[in-house]
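# Coordinate analysis (summary)
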Amino acid sequence: MKAFNQISRIFLLVLISSIFFDASLVFSQTSQEMAKSISSANPIVATEKYQEVFRNQDWDEVRNQIKNANAKSTAEWKDIATKEGWQKYAHSKLAQLKTSLGKFPEETTKLNYKVLRSIPRDGYIIACIVFESRPGFWVTANLYRPSNQTKLQPGIIICPAHHTPKEHGELQEMGAIWSRAGCMVLVLDNLGHGERRQHPFDGPNSYPKPFRTSRQDYYFRYDLGVQLQLLEESLMGWMYWDIHRGVDLLLAQKDIARDKIILLGAVAGGGDPTAVAGALDERIAVVAPFNFGGPQPETKYPLPEDAEATFNYAGGGSWESTRNLRLSAKDGFLPWVIVGSIAPRKLIYGHEFSWDQANDPVWKRLQKIHQLHGTTDSLGFTTGRGSVKGSSPEDSHCTHIGRLHRKNIHVLLEKWLDIKGVNDTPLENLPSVILKCLETKLSKDEHPVKIQGHLEKLAQTQIDNAFKKYPIPMTNETFDLFKKDWANKLGSLESNMAAEVITRETSISENVSITKLLLKTEKEHYLPLVLLKAAKIKMPSNKIAIMISQGGKKSLLESRSVEIASLVQEGFTVCLPDVRGTGELKTGTSRGRSSGSTSLSSSLMMTGDLRITGQLRDLQSVFNWLKKESSHLSPQFLLWGDSPSNATPHSTNFNLPRDDDSIFPMQPEPLGGILTLLLTLFNDDIKAIIIRGGLTSYASALNHHLIQVPYETVIPGIFNMGDISLLIHALRSRTIFLNQMVDGLNREVEGTKLEHLIMNTTKEGKLPNNIHPGEANLKTILKSLTTN
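Attention here is on the structure that accompanies the text. (Residues numbered from 1 in each chain as written. Predicted model: local features only at pLDDT ≥ 70, side-chain atom pairs only at ≥ 80, totals over all residues. Heavy atoms only, no water.)

## Thoughts on the overall build of the protein
The number of helices and strands found in the protein is 25 helices and 18 strands. Each principal axis of the C-alpha atoms in the protein carries an extent, and together these give about 95 × 60 × 50 Å. The proportion of buried residues among the 788 residues of the protein is 60%. Counting contacts in the protein only where the partners sit at least 6 residues apart, residues at least 24 apart contribute 76% of the total. Approximately 31,600 Å² of the protein is accessible, and the part contributed by carbon and sulfur atoms is 51%. Taking the 90 positively charged and 84 negatively charged side chains of the protein as two groups, their mean positions are separated by 3 Å. (Helix = DSSP H or I, 4+ residues; strand = E, 2+ residues; numbered from the N terminus. Buried < 20%, exposed > 50% of the residue type's maximum accessible area, 1.4 Å probe, protein only. Contact = heavy atoms within 4.5 Å. Areas by Shrake-Rupley, 256 points an atom, 1.4 Å probe, with all protein chains shown as cover. Lys, Arg positive; Asp, Glu negative; His and termini not counted. Charge placed at Lys NZ, Arg CZ, Asp CG, Glu CD.)

The structure is reproduced here in structure tokens:
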């Protein structure tokens, strides 16, 4: 029996190899006619009725998940009646929040910091300062302090908006007015901003065409966020830790009032990390986050009277990972919970524009939380006027925290911390260049702020640890552990129902039977597919090829018609499914930073249901259905993961501003290859796989400031599973063909470099016999099989 299986396997591999690796095959006239017929086949399965379903089903699913998260959170809130009940609840949610943010360096109050330059001013001094937030990774900041102060000084940290870095006029104003009133004021450059920017666009002359110079730091937050998520870290986590170390910096000053640390979070992105840091760091006495926790500037006003029941407490996904925290909806650390967890410490609930105080359900919850603590006097607010959509003087737009917004902050800080004598009048600001910290090449070299090298080292450490945890070649026990850990990382892999056929339509052309099917794979989810087989075969045969591509069945029919025809002639049933997000089920026309696809995937990150996990569920449903439909008890499966993208030349310029996704070179489309590997991991019936145009490694997405890998294919923490290379090694009993593989920028990787990536080494190493990279001839494949 074993010999029979080996002969059967060799037959299958010879067939596949000749099709895939030998481009010089001469096809018969019949084959050519069949391929032509296949390439011109209409791939559309759904009627107009189901096209509407396709457009809505993914978003309906995630909206229901968000709705359920809101309902669960509200029900939990209604059950809380005591201070102890709230504290237990908040403690649990904050623990889950901190876990979701990533890993942090060992706690220590010791801090390596340097004052690089001091600038005397009228009544205060500005220090250009750097501090080491993480080993070898520095934060640039300005520290304002009084010129002559005899008593202990309150400390204020300002987390800027995403609009501008620390040198902006509004930030200089706040540093000056509060330092002249006897406070120390620390203004940080957020990660990716100002002197800590990771991209090359620091002025209008850094690119030959017009672009939005001031928005690049903001836009490239997307890339930073994705790179950190690959490490199972987060941009929010790194920003929080910078603030946490900023508190250490203030507490290291001999004249600091240790019980009077204040954290202010600016509008437009400064309030998010401020709320998180304020909730997690109990050394902070007063927290003032703007536009976080409750209604946003974009919220429709006035709020409805039933806002308590209808308000979207969880929010929704977008490319800004700091505004839609991973797992927040799943685990219940919604923004209102984070802000509420600051109690019993003092909170200033900030709003940039007009605020519907009477109907704000989060404000009512904050009031009750402070009532439970007996600290109603520790809750305050500040608000603007008008609307974010307006442009008149009555609309209180600001860059960070405007003078109108500071007015009530002054009142509350005097009331709570006795900070008096604040003169909030316009001052003459310094040119921004004077407040920069890293003026020379030497200072930049000594205090590195670039993150790519840092992230690459972290990723390699995680990958190396994974290869130690799951040593290769894997024993059965190690393989079972590896598979279990992958299942835990991905989440729900099986549909809650067996696939049902909703519609079926068959036609025959050039001896090819083409069947269009619509399957219902989940309660509210449908999937179209096409089956191709020889007309003489009545049912799916004992040899089944499943081909997957981001371009869907249409792309495969057009670009792989010759290969499909050859498979059909050799007795294969070829299945072309459109898993969610592909083909007929694609979400929008773009897959870049600002696309609907990215927003949808980000929303799913909040709910804990990765986009790629849903796609794998789809593929698993199709696989199970094919097994059931096959005329053979144990059909042999070939998986083919394809990419509709052509590789980008290595000479391509990737240093482009982030204004418009459409100007970037073609993205890699690794979905087909990744799904092929993952489905094979969980199904022993799959004997051979082909990956064409697949991603060599996610680590290759870390060596440039630009992220080209589509967000829906991001798997947080994949390096802890050894990246793609360990996944390939785990499938040692299957034969794997790799062709035209690409890196994170969609540049082809071949030869020795590809082998090194697969082996996770920079040294010479022999590939396992089952792995066949690059172009190969039939003789090579047969030799590798006989020596396996």
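## A look at the nonpolar core
Across soluble globular proteins, nonpolar side chains show a tendency to be buried alongside one another. Phe-482, Trp-486, Ile-546, Leu-626, Tyr-698 and Phe-719 are the most contacted members of the largest nonpolar core, which has 86 residues in total. Contacts of Tyr-698, omitting those with residues within four sequence positions, involve Leu-230, Ile-674, Val-709, Thr-713, Ile-715, Ile-718, Phe-719, Asp-723 and Ile-724. Formed by 64 residues, the second largest nonpolar core is a distinct cluster that contains Leu-327, Val-339, Tyr-349 and Trp-355. (Core = buried A, V, L, I, M, F, W, Y, C linked by side-chain atoms within 4.5 Å.)

## Observations regarding unusual backbone geometry
With an omega dihedral of -5°, the bond running from Tyr-301 to Pro-302 counts as a cis peptide bond. With respect to the element layout, Pro-302 can be found in the loop between strand S7 (286-289) and helix H10 (307-310). The peptide bond linking Ala-343 to Pro-344 adopts the cis configuration, its omega dihedral lying at 10°. The residue Pro-344 is located in the loop between helix H12 (335-340) and strand S8 (346-351) in this model. The backbone of Leu-327 shows a phi angle near 70°, a positive value even though the residue is not glycine. On the basis of relative accessibility, which here comes to 18%, the residue Leu-327 falls in the buried class. The phi torsion at Asp-418 lies on the positive side, around 60°, for a residue other than glycine.

## Comments concerning the sheet that holds strand S3 (residues 137-146)
The strand order across the open sheet formed by nine strands is S1-S2-S3-S5-S4-S6-S7-S8-S9, and the pairing between neighbours is mixed. Single-partner strands in this sheet number two, and they are strand S1 (113-120) and strand S9 (379-383). Averaged over neighbouring strand pairs, the angle between their axes works out to 20° when direction is ignored. One ladder, built from four bridges, connects strand S6 (residues 256-265) with S7; its direction is parallel. Each bridged residue has a counterpart across the sheet, and for Leu-263 the counterpart in S7 is Val-287. Contacts between helix H8 (residues 235-251) and the sheet are confined to S1, strand S2 (124-134), S3, strand S4 (153-159), strand S5 (184-188) and S6, with S2 contributing the most and set at about 125° to the helix. (Pairing = 2+ DSSP bridges. Axes fitted to C-alpha atoms, helices over the stretch in contact; angles between N-to-C directions.)

## Regarding the pattern of salt bridges
Here the structure, examined in full by the defined rule, presents 47 salt bridges. Salt bridges sharing common partners tie together Glu-61, Glu-522, Arg-580, Asp-609, Arg-617 and Asp-618. (Salt bridge = Lys/Arg side-chain N within 4 Å of Asp/Glu carboxyl O.)

## Considerations on the side chain of His-704
For His-704, the position within the fold is in the loop between strand S16 (686-692) and helix H23 (723-730). Once residues within four sequence positions are removed from consideration, His-704 is found in contact with Gln-227, Gln-452, Phe-654, Asn-655 and Leu-745.

## Here we look at the packing of aromatic side chains
Tallied over the entire structure, the rule returns 26 aromatic pairs. Relative to Trp-336, the ring of Trp-77 has its centre 5.3 Å away and its plane inclined at 80°; by these criteria the two rings are edge-to-face. With a gap of 259 residues between them, Trp-77 in helix H3 (residues 48-78) and Trp-336 in helix H12 connect regions that are remote in the sequence. Taking the relative accessible area as the measure of exposure, Trp-77 reaches 6% and is therefore buried. For Trp-336, a relative accessible area of 0% puts it in the buried group. One aromatic cluster is present, built from ring pairs that chain together Trp-77, Trp-86, Tyr-89 and Trp-336. The ring of Trp-336 has Arg-365 lying over it, and the distance from NZ or CZ to the ring centre is 4.6 Å. (Phe/Tyr/Trp six-rings, centres within 6.5 Å; stacked < 30°, edge-to-face > 60°. Lys NZ or Arg CZ within 6 Å of the ring centre and 35° of its normal.)

## A short note on helix H7 (residues 221-230)
Across the 10 residues of H7, 10 count as buried, placing the element largely inside the fold. Within H7, burial applies to Arg-221, Tyr-222, Asp-223, Leu-224, Gly-225, Val-226, Gln-227, Leu-228, Gln-229 and Leu-230. With its phi angle positive at about 60°, Glu-232 sits one or two positions after the end of H7.

## Observations regarding the sheet that holds strand S12 (residues 525-534)
Pairing is mixed in the open sheet, where nine strands are placed in the order S10-S11-S12-S14-S13-S15-S16-S17-S18. One side of each edge strand has no neighbouring strand; the edge strands of this open sheet are strand S10 (500-509) and strand S18 (771-773). Averaged over all pairs of adjacent strands, the angle between strand axes in this sheet comes to 15°, irrespective of strand direction. Where S10 and strand S11 (residues 512-522) come together, nine bridges link them in antiparallel fashion. Along S11, the bridge assignment pairs Glu-505 with Lys-516. Its contacts with the sheet place H3 against S10, S11 and S12, and it is angled at close to 125° to S12.

## A few points about the packing of H7 against H8
For the pair H7 and H8, the least separation of the axes is 8 Å and the interaxial angle reads 100°. Taken together, the axes of H7 and H8 are roughly perpendicular relative to one another. Only Leu-235, Trp-238 and Met-239 of H8 make contact with H7, whose side of the interface consists of Arg-221, Leu-224, Gly-225 and Leu-228. Its residues assigned to classes, the contact of H7 with H8 comprises five nonpolar, one polar and one charged. (Parallel < 35°, antiparallel > 145°, perpendicular 65-115°, else oblique. Nonpolar A, V, L, I, M, F, W, Y, C, P; charged D, E, K, R; others polar.)

## Considerations on empty space enclosed by the protein
A complete count under the given rule lists 11 cavities of 30 Å³ or more for this structure. The space that makes up the largest cavity amounts to roughly 70 Å³. The wall of the largest cavity is formed by Ser-100, Leu-101, Gln-229, Glu-233, Ser-234, Met-236, Ser-321, Asn-324, Leu-325 and Arg-326. Of the residues in the lining of the largest cavity, the class split is three nonpolar, five polar and two charged. (1 Å grid on protein atoms, 1.4 Å probe; cavity = no way out; pocket = protein on both sides within 12 Å on 5 of 7 lines; lining within 4 Å. Points joined across faces, edges and corners; volume = space filled by probe spheres on them.)

## Considerations on the environment of Pro-105
Looking at the secondary structure, you find Pro-105 in the loop between helix H4 (83-101) and S1. Pro-105 sits 136 residues away from Trp-241 along the chain, and the two C-alpha atoms are 8.9 Å apart. Sequence-distant contacts of Pro-105, that is, excluding residues within four places in its chain, are made with Arg-134 and Trp-241.

## Observations regarding the side chain of Gln-667
Within the secondary structure, Gln-667 is located in the loop between strand S15 (636-642) and helix H22 (671-681). Once you skip the residues sitting within four places of it in the chain, Gln-667 turns out to touch Arg-591, Gly-592, Ser-645, Gln-708, Val-709, Pro-710 and Asn-746.

## Re the packing of H22 against H23
One can describe the packing of H22 onto H23 by two numbers: an axis separation of 10 Å at closest approach and a directional angle of 40°. Here H22 is positioned oblique relative to H23, judged by the angle of their axes. In terms of crossing hand, the pair formed by H22 and H23 is left-handed. Packed against H22, whose contacting residues are Ile-674, Leu-677, Leu-678 and Leu-681, the element H23 presents Ile-724, Leu-727 and Ile-728 at the interface. (Left-handed = near helix turned anticlockwise from the far one by under 90°.)

## Looking at the pairing of S3
Burial analysis of S3 places nine of its 10 residues in the buried class, which makes it a mostly covered element. Bridge count between S2 and S3: 10 bridges; the pairing is antiparallel. Within S3, the residue paired with Val-130 across the bridge is Thr-140. As consecutive antiparallel partners, S2 and S3 are separated by two residues, and within that stretch Gly-136 has a phi angle of approximately 80°, a positive value. Bridging between S3 and S5 involves four bridges; their strand directions are antiparallel. Paired with Asn-142 across the strands is Val-187, a residue of S5.

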